[in-house]
Amino acid sequence: MFCKNCGRELPDDAKFCVQCGASMKQKAESTEKATETDTSNAEGSQAIGASSIVKKEWFPWAIVLLLAVLVGILAIALGTTKMGNQNNVEPNNENIAEVQDSQETTTTDLTTTAATTTATKATTTATTTVTTTTTVATTAKPVVTTTAKPKPYVTASAKTFLLSGYDGSKVRLYLDGNFYKAYIKINGISYDTTVLRSDFSDYVELPFNPIANPETTLSVTPYDDAGNAGDTVTCAIPTDAEGTINTGGILIDGLNIRGQINCHGGVVAGYTTDYVVNGGACGMVRQSLGDTWHITAKNSCYNYGTNWYELWDSDDGDYYGWVDENYIDFY
């Protein structure tokens, strides 16, 4: 027979279901009554039996599912309890050391990996930088800055001076500007020269007599230290003297020539030797000499464009100094 509650097959004399615990007393009575029924109720009994068979097939699976749910709940409860117990257990030093060693090893590995990665990146960056720099240095053309050198130039002016000691004159060429050397040429005569700027201060003396060669010009061309020429300038050489160059006189002694002073209605002075002969400062021995005074000329000197005589009084020997020959009448 089958349990009316869960559908489990049971012995015919079972009083209770071993599966669900239901009483089988009523089931036995139902069985006895079912035996006594007629053939008309047989089909109904067969339908009930078929229903019991279907129920018998799905019922064990429901039981299994229920047991699985119960086991899951029990496992969760046990797991929670175990975790609580683990939290209350004192730490094991060996386990802690192992964990720490594991963490240190992991940290060291990570640090080493990070350092290696950083070093690799740094090496890659350095290599890239060096490569880039080398490429620029190899391919870039050097930039050359050139500063234009100033062109040499010169300014020139000439002045003529008489010589104090003898006939003649000198020309002084005054030069200024930015140049290393200058080429000077006097036009009309065969004279040219080159002078260095470092060899003179502000002028160059030229041995030229403009009185004998009037209306003459000269030209000057400046050059820099590399030999580059500037513009040539010209200037005239004046015939009129700007003054006298005190070069000193030419002395002639031992004359002993007699004569007398001729004042020509004016005043005659006697000058010092330093002024007349040496070209020094102007100085006088006598500011005025008397007309027709007898004199003896012992020495002569040419200076400042004239002849000078050194005079003494012929009567008493007084010293009169140097007198211009234009104020002396010799016998």
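Keep in mind that what you see is a predicted model, and the values were worked out from it rather than measured. (Residues numbered from 1 in each chain as written. Predicted model: local features only at pLDDT ≥ 70, side-chain atom pairs only at ≥ 80, totals over all residues. Heavy atoms only, no water.)

Draft legend 1. How the structure looks around the overall build of the chain. When helices and strands are counted, the chain shows four helices and 15 strands. Burial status across the chain gives 24% buried among its 331 residues. Nonlocal contacts in the chain, meaning residues at least 24 apart in sequence, comprise 56% of its contacts between residues at least 6 apart. When the accessible surface of the chain is split by element, carbon and sulfur atoms take 55% of a total near 22200 Å². (Helix = DSSP H or I, 4+ residues; strand = E, 2+ residues; numbered from the N terminus. Buried < 20%, exposed > 50% of the residue type's maximum accessible area, 1.4 Å probe, protein only. Contact = heavy atoms within 4.5 Å. Areas by Shrake-Rupley, 256 points an atom, 1.4 Å probe, with all protein chains shown as cover.)

Draft legend 2. Just unusual backbone geometry, in detail. We note that H264 has phi near 55°; this positive angle belongs to a residue other than glycine. For H264, the location among the structural elements is in the loop between β9 (250-261) and β10 (268-271). A positive phi angle, close to 65°, is found at T292, a residue other than glycine. Assignment of secondary structure puts T292 in the loop between β11 (284-289) and β12 (294-303). Exposure remark for T292: the relative accessible area of 43% places this residue in the partly exposed category.

Draft legend 3. Local environment of the pattern of salt bridges. On inspection of all chains with the given rule, the structure shows four salt bridges. Among the charged side chains, a network of salt bridges with common partners joins K170, R172 and E205. (Salt bridge = Lys/Arg side-chain N within 4 Å of Asp/Glu carboxyl O.)

Draft legend 4. Just the nonpolar core, in detail. Membership of the largest hydrophobic core comes to 18 residues, with the highest contact counts inside it found for L173, L175, I184, L206, L218 and V220. For this core, the secondary structure elements donating two or more residues are β1 (153-163), β2 (169-178), β3 (181-186), β5 (203-206), β6 (216-223) and β7 (233-237). Discounting chain neighbours no more than four positions away, the residues touching V220 are V154, A156, L173, L175, A182, Y183, I184, D231, T232 and V233. The next biggest cluster of nonpolar side chains, apart from the first, holds eleven residues, and it includes I261, C263, I295 and Y309. (Core = buried A, V, L, I, M, F, W, Y, C linked by side-chain atoms within 4.5 Å.)

Draft legend 5. Expanded view of the sheet that holds β1. Taken in spatial order, the four strands of this open sheet run β5-β2-β1-β8, and their pairing is mixed. Among the strands making up the open sheet, the edge pair consists of β5 and β8 (241-245). When the angles between neighbouring strand axes are averaged without regard to direction, this sheet yields 35°. (Pairing = 2+ DSSP bridges. Axes fitted to C-alpha atoms, helices over the stretch in contact; angles between N-to-C directions.)

Draft legend 6. Representation of the pairing of β3. Burial of the side chains of β3 is restricted to one face: A182, I184 and I186 are buried, whereas none of K181, Y183 and K185 on the reverse face is. What sits between the antiparallel neighbours β3 and strand β4 (residues 191-196) is a turn of four residues, in which G188 has the positive phi angle 95°. Examined bridge by bridge, β3 and β6 share six bridges and lie antiparallel to one another. Looking at β6, one finds that K185 is bridged to S219.

Draft legend 7. Highlighting the side chain of T216. Secondary-structure assignment places T216 in strand β6. What makes T216 buried here is its relative accessible area of 8%. Other than its neighbours up to four places away in sequence, T216 contacts I186, N187, F208, A236 and I237.

Draft legend 8. The packing of aromatic side chains, seen in detail. The full count for this structure, using the stated rule, is six aromatic pairs. Centroid distance W293 to Y320: 5.7 Å. Interplanar angle 35°. Geometry classified as tilted. Of the two residues, W293 is situated in the loop between β11 and β12 and Y320 in strand β14 (residues 319-324); the sequence distance between them amounts to 27 residues. By way of ring pairs, the aromatic residues Y271, Y275 and W308 are connected into one cluster. If you follow K159 out to its NZ or CZ, it ends over the ring of Y174, 5.3 Å from the centre. Positioned over the ring face of Y223 is K181, at 5.8 Å from the centre of the ring. (Phe/Tyr/Trp six-rings, centres within 6.5 Å; stacked < 30°, edge-to-face > 60°. Lys NZ or Arg CZ within 6 Å of the ring centre and 35° of its normal.)

Draft legend 9. Focus on a nonpolar patch on the surface. Where nonpolar side chains cluster on the molecular surface, the patch consists of L65, L66, L67, V69, L70 and I73 and spans about 590 Å² of accessible area. Within the secondary structure, L66 is located in helix α2 (residues 42-88). (Patch = residues over 30% accessible without salt bridge, like charges linked within 9 Å, V, L, I, M, F, W, Y side chains within 5 Å.)

Draft legend 10. Spotlight on the pairing of β4. Examined bridge by bridge, β3 and β4 share six bridges and lie antiparallel to one another. Residue pairing for β4: I184 is matched across the bridge by T193.

Draft legend 11. The arrangement of the environment of D199 in detail. One can find D199 in the loop between β4 and β5. Of the residues examined, D199 reaches a relative accessible area of 59% and is grouped as exposed. Between the alpha carbons of D199 and K181 there is a distance of 9.4 Å; along the sequence they are 18 residues apart.

Draft legend 12. Main features of the sheet that holds β4. Taken in spatial order, the four strands of this open sheet run β4-β3-β6-β7, and their pairing is antiparallel. If you trace the sheet from one side to the other, it starts and ends with β4 and β7, each paired once. On average, each strand axis in the sheet is tilted by 20° relative to the strand beside it, whichever way the strands run.

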